[in-house]
Amino acid sequence: YNYWYENPASLQVKSASVLATVSASYRVRFENDGLNADTFLITGTGSTTDFVVQYLDGNGVDRSAAVAGAGYTTPPMAPGAAVVWTVNVTPQPDGAAGGVTYVAVVTAASQGDATKSDQVRTQTTCVSPNLAMSKSVDLANALPGQDLSYTVVASSTGLSPAAGIVLVDSIP
């Protein structure tokens with residue numbers, strides 16, 4: 001057999017860049033390349049307040065809680081059998097700032113042969129704009145009838161342009 005095993009993952013890495021609320025989807029293939037039927041313990045990185053990670057098995061069943069917890073044990077797989085899972089990584093609105101990268105690691109460990117463990121890594125970068133705004137006034141104290149000048153500065157430090165921005169500044 002000519003199979004690649006690495007743990008930790010250094011070469012088996014996929015990257016994607018997405019806007020907030022848009023999922024980066026990665027396909028991960030789990031294969032029993034042994035000579036006997038085997039089960040595999042699948043573990044992976046969980047969600048944060050900035051990024052949600054979802055693990056869907058080959059039937060589309062969400063296994064996220066198990067994978068990010070103690071791990072999910074596959075049903076027995078015959079020699080040569082394989083299943084493809086989908087890993088979705090989604091930057092959250094008002095969470096992941098543009099330019100922030102989240103790494104999710106998925107590990108499959110043979111339950112029949114402790115020497116067989118493999119790991120893949122996903123790197124998802126949120127490319128949403130980072131909007132920042134400040135407002136200042138030229139006088140700290142003004143007399144009635146005196147003119148004031150306000151300065152509003154808006155900037156975006158994210159990895160994509162900010163378009164359609166509307167500023168509303170009501171004067172009491």
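Residues numbered from 1 in each chain as written. Predicted model: local features only at pLDDT ≥ 70, side-chain atom pairs only at ≥ 80, totals over all residues. Heavy atoms only, no water.

### As for the sheet that holds strand 6 (residues 82–91)
The line we're drawing: A pair of strands is considered paired only if DSSP assigns at least 2 bridges between the two. The helix and strand labels rest on DSSP assignments: H or I over at least four residues marks a helix, E over at least two residues marks a strand, and numbering proceeds from the N terminus. To obtain an axis, a line is fitted to C-alpha atoms, over the contacting stretch when the element is a helix, and the angle between two such axes runs from 0 to 180 degrees between their N-to-C directions.
On the basis of which strands lie adjacent, the open sheet formed by 3 strands has the order 2-6-4 and antiparallel pairing. What marks the edges here is a single partner per strand, and that holds for strand 2 (24–31) and strand 4 (51–56). Neighbour-to-neighbour, the strand axes of the sheet open up by a mean angle of 20 degrees, direction not taken into account.

### Considering the nonpolar core
Formally: Put simply, buried Ala, Val, Leu, Ile, Met, Phe, Trp, Tyr and Cys residues joined by side-chain atoms within 4.5 Å make one nonpolar core. Here the term buried applies to any residue with accessible area under 20% of the maximum for its type, exposed to any over 50%, and partly exposed to those in between, with areas from a 1.4 Å probe on protein chains only. The contact criterion used throughout is that any non-hydrogen atoms of two residues lie within 4.5 Å.
Formed by 20 residues in total, the largest nonpolar core has its most connected members in F30, I42, V53, Y55, W85, V87 and V89. Among the secondary structure elements, those contributing two or more residues to this core are strand 2, strand 4, strand 6 and strand 7 (101–110). Sequence-distant contacts of V87, that is, excluding residues within four places in its chain, are made with A24, S25, Y26, V28, V53, Q54, Y55 and V106.

### With respect to the environment of P79
Checked against the element boundaries, P79 lands in the loop between strand 5 (72–73) and strand 6. When the C-alpha atoms of P79 and S155 are compared, they prove to be 56 Å apart, with 76 residues separating the residues in sequence. With residues up to four places along the chain from it excluded, the contact list for P79 reads N32, G34, L35, N36 and A37.

### Here we look at the sheet that holds strand 8 (residues 117–126)
The strand order 1-8-7-3-5 describes an open sheet built from 5 strands, whose pairing is mixed. At either end of the open sheet lies a strand with only one pairing partner, and these are strand 1 (13–18) and strand 5. With 9 bridges joining them, strand 7 and strand 8 adopt antiparallel strand pairing. Note that in strand 8 the partner of Y102 across the bridge is T124.

### Observations regarding unusual backbone geometry
Working note: non-glycine residues mostly have negative phi, and peptide bonds are mostly trans. The phi angle at T21 is positive, at roughly 75 degrees, despite the residue not being glycine. Along the chain, T21 turns up in the loop between strand 1 and strand 2.

### As for the side chain of T124
Note the threshold: Within 3.5 Å is the distance limit for a polar contact, defined as a pair of N or O atoms, with the added protein rule that one can donate a hydrogen and the other accept it, and that residues adjacent in sequence qualify only through two side-chain atoms.
Relative to the helices and strands, T124 is located in strand 8. Given a relative accessible area of 0%, T124 falls into the buried group. At 2.7 Å, the side chain of T124 forms a polar contact with the side chain of Y26. When near neighbours in sequence (up to four residues on either side) are disregarded, T124 contacts A16, V18, A24, Y26, F51, V89, V100, T101 and Y102.

### Considerations on the environment of V89
Topologically, V89 is positioned in strand 6. When the C-alpha atoms of V89 and T21 are compared, they prove to be 9.5 Å apart, with 68 residues separating the residues in sequence. In this view, V89 contacts V22, S23, A24, Y26, F51, V52, V53, Y102, A104, T122 and T124; residues no more than four positions away in its chain are not counted.

### Examining the pattern of salt bridges
Our working definition: Think of a salt bridge as a Lys or Arg side-chain nitrogen and an Asp or Glu carboxyl oxygen that are within 4 Å of each other.
Taken as a whole, this structure holds 2 salt bridges when the rule is applied. In this structure, the salt-bridge partner of R29 is E31, at a minimum N-O distance of 3.3 Å. Residue D57 is joined to R63 by a salt bridge in which the shortest nitrogen-to-oxygen separation is 2.9 Å. On the accessibility criterion, R63 (24% relative accessible area) is partly exposed.

### Structural notes on the pairing of strand 6
In terms of strand pairing, strand 2 meets strand 6 through 8 bridges, oriented antiparallel. By the bridge assignment for strand 6, E31 is matched with A82. Where strand 4 lies against strand 6, 6 bridges are found, and the strand directions are antiparallel. Residue pairing for strand 6: Y55 is matched across the bridge by V87.

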